[in-house]
Amino acid sequence: MKLETKITVYKNTKITYTDQGKGTAIVLLHGFLENQTMWNAFVPEFAKKHRVITLDLLGHGQTECLGYVHSMEDQADMVHSVLHDLKIRKAILVGHSMGGYVALAFAELYPDTMKGLVLLNSTSRADSDERKTNRDRAIVAVKQNYAAFVRMSIANLFSEDNRERLAEAIEKVKLEALKTPLQGIVAALEGMKIRKDREVILHFAPYPIQLILGKKDGVLIYDDNLDQIEGTKVQLTSFEDGHMSHIENQNELMTVLVDFFKNL
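Residues numbered from 1 in each chain as written. Predicted model: local features only at pLDDT ≥ 70, side-chain atom pairs only at ≥ 80, totals over all residues. Heavy atoms only, no water.

Enquirer: Whenever I open this one, a nonpolar patch on the surface confuses me. Can you help?
Expert: Residues Tyr-68, Val-69 and Ile-194 make up a contiguous nonpolar surface patch of about 350 Å² in total accessible area. Residue placement: Val-69 occurs in the loop between strand 4 (51-55) and helix 2 (72-85). Residue classification places Val-69 among the partly exposed positions, given a relative accessible area of 37%. (Patch = residues over 30% accessible without salt bridge, like charges linked within 9 Å, V, L, I, M, F, W, Y side chains within 5 Å. Areas by Shrake-Rupley, 256 points an atom, 1.4 Å probe, with all protein chains shown as cover. Salt bridge = Lys/Arg side-chain N within 4 Å of Asp/Glu carboxyl O. Helix = DSSP H or I, 4+ residues; strand = E, 2+ residues; numbered from the N terminus. Buried < 20%, exposed > 50% of the residue type's maximum accessible area, 1.4 Å probe, protein only.)

Right under this line is the structure:
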């Protein structure tokens, strides 16, 4: 299903989004090197009972770059601006990876807009010093060889067991990722590197939160991410595969998300 993309402007920057269905608003936020097309398999199902918004985040997809650093707060402010234009007062936010960081920044800045939160292959924690160093290395690498960096980055997001089985799907993800402009990639890496730790939200948010992790995720080590929800009411769902649960575990993820929405 090809969704009709719409255009709005935020701080003189072109933002692309889609808006389908009626009911409680669900905002789907893609990850680094992705764009809103990652949700195409999910939107028709969700839109049967909900109003579903997808966006291209700053410097990704068809949304333009706003600056040389896109902080998670910048991204969250842009999302809020789109929701304000659409007269959406409350929403459930679902964020994949970097989209989860944006959703957490949004939750901190606009708590009254939150109806629920799903972190998909994402974390509430800031980058470790090692991760920050790796972001700097990635910035150097993508400037040196853009296509090689993008292709390698995407391959590493899938568990090794799935790389052959999902070869065709992975190639499609790579082709979408290669539409991301160099400035968008660098601005996102800089923004993720400086993001705040927002674990406190998992402990004190008054709305339901779902954390979905892959046990063979090469980006976010599974065991390292379990203790952030200790002593919280956050619901945990674990899949047996990698960082790309929306592809590697598509049917199971659909069921988990539909159930989460139903219970709100």
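Additional details are given in the paragraphs that follow.
Enquirer: For this particular structure, what's the right way to read empty space enclosed by the protein?
Expert: Under the criterion given, the structure shown has 1 cavity of 30 Å³ or more. Along the walls of the largest cavity sit Tyr-101, Leu-104, Thr-123, Ser-124, Arg-195, Lys-196 and Arg-198, which together make up its complete lining. Each residue belonging to the lining of the largest cavity can be placed in one class, and the counts come to 2 nonpolar, 2 polar and 3 charged. (1 Å grid on protein atoms, 1.4 Å probe; cavity = no way out; pocket = protein on both sides within 12 Å on 5 of 7 lines; lining within 4 Å. Points joined across faces, edges and corners; volume = space filled by probe spheres on them. Nonpolar A, V, L, I, M, F, W, Y, C, P; charged D, E, K, R; others polar.)

Enquirer: Honestly, the side chain of Arg-198 in this entry has me stumped. Any pointers?
Expert: Of note, Arg-198 is situated in the loop between helix 7 (182-193) and helix 8 (199-204). Residue Arg-198 is classed as buried on the basis of its relative accessible area, which comes to 2%. Beyond its immediate sequence surroundings of up to four residues, Arg-198 is in contact with Glu-73, Leu-104, Ala-105, Glu-108 and Ser-124. (Contact = heavy atoms within 4.5 Å.)

Enquirer: Can you help me understand the sheet that holds strand 8 (residues 235-239) in this one?
Expert: Pairing between sheet strands relies on hydrogen bonds along the backbone, with the strands arranged either parallel or antiparallel. The 8 strands lie next to each other as 1-2-4-3-5-6-7-8, forming an open sheet whose pairing is mixed. With one partner strand each, in any of the chains shown, strand 1 (6-10) and strand 8 form the two edges of the open sheet. When the angles between neighbouring strand axes are averaged without regard to direction, this sheet yields 20°. In the sheet, strand 7 (residues 209-214) pairs with strand 8 via 5 bridges, with the strands oriented parallel. Of the residues in strand 8, the one forming a bridge with Leu-213 is Ser-238. Seen against the sheet, helix 2 touches strand 1, strand 2 (13-20), strand 3 (25-29), strand 4 and strand 5 (91-96) and runs at an angle of roughly 120° to strand 1. Strands strand 3, strand 5 and strand 6 (114-120) of the sheet are contacted by helix 3 (residues 98-109), whose axis makes an angle of about 145° with strand 5. (Pairing = 2+ DSSP bridges. Axes fitted to C-alpha atoms, helices over the stretch in contact; angles between N-to-C directions.)

Enquirer: Explain the packing of aromatic side chains to me, please; I cannot follow it from the model alone.
Expert: Any two aromatic rings considered together are summarised by their centre-to-centre distance and by the angle between their planes. Considering all chains together, one arrives at 5 aromatic pairs under this definition. Here the aromatic rings of Phe-106 and Tyr-110 are separated by 5.2 Å at their centres, their planes lie at 50°, and the arrangement is tilted. For Phe-106, a relative accessible area of 0% translates into the label buried. Ring geometry for Phe-260 versus Phe-261: centroids 6.4 Å apart, planes at 65°, classification edge-to-face. Phe-261 gets classed as buried once you look at its relative accessible area, which sits at 3%. Taking the ring centre of Tyr-101 as reference, the NZ or CZ of Arg-195 above it sits at 3.6 Å. (Phe/Tyr/Trp six-rings, centres within 6.5 Å; stacked < 30°, edge-to-face > 60°. Lys NZ or Arg CZ within 6 Å of the ring centre and 35° of its normal.)

Enquirer: Is there a simple way to explain the side chain of Gln-36 in this structure?
Expert: Considering the arrangement of structural elements, one finds Gln-36 in the loop between strand 3 and helix 1 (43-46). Judged by relative accessible area, Gln-36 falls into the buried class, the value being 5%. A distance of 3.5 Å separates a polar side-chain atom of Gln-36 from the backbone nitrogen of Thr-18. Here Thr-54 takes part through its side chain, which lies 2.5 Å from a polar atom of the side chain of Gln-36. In contact with Gln-36, not counting residues within four places along its chain, are Thr-5, Thr-16, Tyr-17, Thr-18, His-30, Thr-54, Leu-55 and Asp-56. (Polar contact = N/O pair within 3.5 Å; in protein donor to acceptor, adjacent residues only side chain to side chain.)

Enquirer: How do you make sense of the pattern of salt bridges when you look at a structure like this?
Expert: Pairing is possible between side chains that carry opposite charge, provided their charged atoms lie close to one another. Here the structure, examined in full by the defined rule, presents 16 salt bridges. In this structure, Lys-216 and Asp-161 form a salt bridge, with 2.6 Å as the shortest nitrogen-oxygen distance. Taken together, the positions of Lys-216 in the loop between strand 7 and strand 8 and Asp-161 in the loop between helix 5 (146-155) and helix 6 (167-177) put the pair 55 residues apart, joining distant regions of the chain. With a closest N to O distance of 3.1 Å, Glu-176 and Lys-179 form a salt bridge.

Enquirer: What should I look at first to understand the layout of surface pockets in this one?
Expert: Picture a little ball the size of a water molecule; that probe, rolled over the atoms, points out where space is still empty. The calculated volume of the largest pocket comes to roughly 680 Å³. Lining the largest pocket are 25 residues, and of these Arg-131, Arg-135, Ser-153, Leu-157 and Val-219 lie nearest its centre. Only helix 4 (129-144), helix 5 and helix 7 provide two or more residues apiece to the lining of the largest pocket. No other element matches helix 4, which puts 6 residues into the lining of the largest pocket. Here the residues of the lining of the largest pocket sort into 11 nonpolar, 9 polar and 5 charged. Around the second largest pocket sit 15 residues that line it, and Thr-37, Met-38, Lys-172, Val-173 and Ile-247 are the ones nearest its centre. Listed by contribution, the elements that provide at least two residues to the lining of the second largest pocket are helix 6 and helix 9 (245-248). The element that contributes the greatest number of residues to the lining of the second largest pocket is helix 6, accounting for 4 residues. Residue classes in the lining of the second largest pocket are distributed as 7 nonpolar, 5 polar and 3 charged.

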